[in-house]
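Okay, here's what each chain looks like letter by letter:
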Amino acid sequence: MLESGDPAPDVTARNQHGETVSPTFSDPTVVYFYPEDGTPGCTTEAEQFARERESYDDAGVTVYGVSTDDVESHRAFADETGVEFDLLADPDGEVAAAFGVPRDAPGQSTPRTTFVLVDGTVERVLTGVNPDGHARDLLLELLDDGVVTLD
């Protein structure tokens, strides 16, 4: 798994709209891997990131959610949860592999893992996070540590 100080990987995936997305990670970015669209914990986490989106935008932070679900599943999940940021479809596990996020077997989900990237470098990695409160707690931590500031 990538660690703090590692360079950001080059990744490309389709979002919930079927558009190809290739993040540059030059601006502060949160990439959170979650197990599966529509499950209770993943729904809580997505809804809370969606509620915090304006605050993340004000702090100049881009947010991406990633799971091994496909584009169609992401589209329905985004509609259900009010997510407007990109949910990256990773059914082949290529994005997970680029970040070093393990999967037990091909086609299986990834564990809940969050990466913060700044200036093309991994700033921090959080594993085993509690989805309830994660979006708010992470933003407050980034603000408290001076990683980002609110405009």
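Keep in mind that what you see is a predicted model, and the values were worked out from it rather than measured. (Residues numbered from 1 in each chain as written. Predicted model: local features only at pLDDT ≥ 70, side-chain atom pairs only at ≥ 80, totals over all residues. Heavy atoms only, no water.)

Q: Describe the side chain of Thr81, with residues and values.
A: Here Thr81 is to be found in helix α3 (residues 71-81). Residue class for Thr81 comes out buried when judged on its relative accessible area of 8%. When near neighbours in sequence (up to four residues on either side) are disregarded, Thr81 contacts Thr43, Ala46, Glu47 and Ala50. (Helix = DSSP H or I, 4+ residues; strand = E, 2+ residues; numbered from the N terminus. Buried < 20%, exposed > 50% of the residue type's maximum accessible area, 1.4 Å probe, protein only. Contact = heavy atoms within 4.5 Å.)

Q: If you had to explain the packing of helix α1 (residues 40-51) against α3 to someone new, which residues and values would you point to?
A: The contact between α1 and α3 brings their axes to 9 Å, and the two run at 60°. Our pair here, α1 against α3, has a crossing hand that is right-handed. Each of Cys42, Thr43, Ala46, Glu47 and Ala50 in α1 lies in contact with α3, whose residues at this interface are Phe77, Glu80 and Thr81. Here the residues of the contact of α1 with α3 sort into four nonpolar, two polar and two charged. (Axes fitted to C-alpha atoms, helices over the stretch in contact; angles between N-to-C directions. Left-handed = near helix turned anticlockwise from the far one by under 90°. Nonpolar A, V, L, I, M, F, W, Y, C, P; charged D, E, K, R; others polar.)

Q: Before we move on, can you summarise the nonpolar core with the specific residues and values?
A: Buried together is how nonpolar side chains tend to be arranged in soluble globular proteins. Judged by nonpolar contacts, the single largest core of 26 residues is most densely connected at Val30, Tyr32, Phe49, Tyr56 and Leu87. Counting only elements with at least two residues in this core, the list comes to β3 (29-33), α1, α3, β6 (113-118) and α5 (134-144). Not counting residues within four places of it along the chain, the set of residues in contact with Tyr56 comprises Val30, Phe49, Val61, Val63, Ala135, Leu138 and Leu139. Among the nonpolar cores identified, the runner-up in size contains 18 residues, and Leu2, Val31, Phe99 and Val122 belong to it. (Core = buried A, V, L, I, M, F, W, Y, C linked by side-chain atoms within 4.5 Å.)

Q: Just give me the short version of the environment of Pro102, but keep the residues and values in it.
A: By the secondary structure assignment, Pro102 is in the loop between α4 (94-99) and β6. Along the primary structure Pro102 and Met1 are separated by 101 residues, whereas in three dimensions their C-alpha atoms are 7.7 Å apart. Setting aside residues no more than four positions away along its own chain, Pro102 makes contact with Met1, Ser109, Thr110 and Pro111.

Q: Help me get a handle on the packing of aromatic side chains, residues and values and all.
A: Applying the stated criterion across every chain yields a total of ten aromatic pairs. Here Phe25 and Phe99 contribute two aromatic rings whose centre-to-centre distance is 6.1 Å and whose plane-to-plane angle is 90°, an arrangement assigned as edge-to-face. Of this pair, Phe25 sits in the loop between β2 (20-21) and β3 while Phe99 sits in helix α4, and the two are 74 residues apart along the sequence. This pair shows no difference in class: Phe25 is buried, exactly as Phe99 is. (Phe/Tyr/Trp six-rings, centres within 6.5 Å; stacked < 30°, edge-to-face > 60°.)

Q: An account of the pattern of salt bridges is needed here, citing residue identities and associated values.
A: Applying the stated criterion to the full structure yields seven salt bridges. Here Arg124 and Glu141 are joined by a salt bridge, their closest N and O atoms 2.7 Å apart. With Arg124 in strand β7 (residues 121-127) and Glu141 in helix α5, the pair connects residues that are 17 residues apart, well separated along the chain. A salt bridge links Arg124 to Asp145, with the nearest nitrogen and oxygen atoms 2.9 Å apart. With a gap of 21 residues between them, Arg124 in strand β7 and Asp145 in the segment after α5 connect regions that are remote in the sequence. With a relative accessible area of 15%, Arg124 lands in the buried category. A single network of salt bridges, built from pairs that share partners, joins Glu123, Arg124, Glu141 and Asp145. (Salt bridge = Lys/Arg side-chain N within 4 Å of Asp/Glu carboxyl O.)

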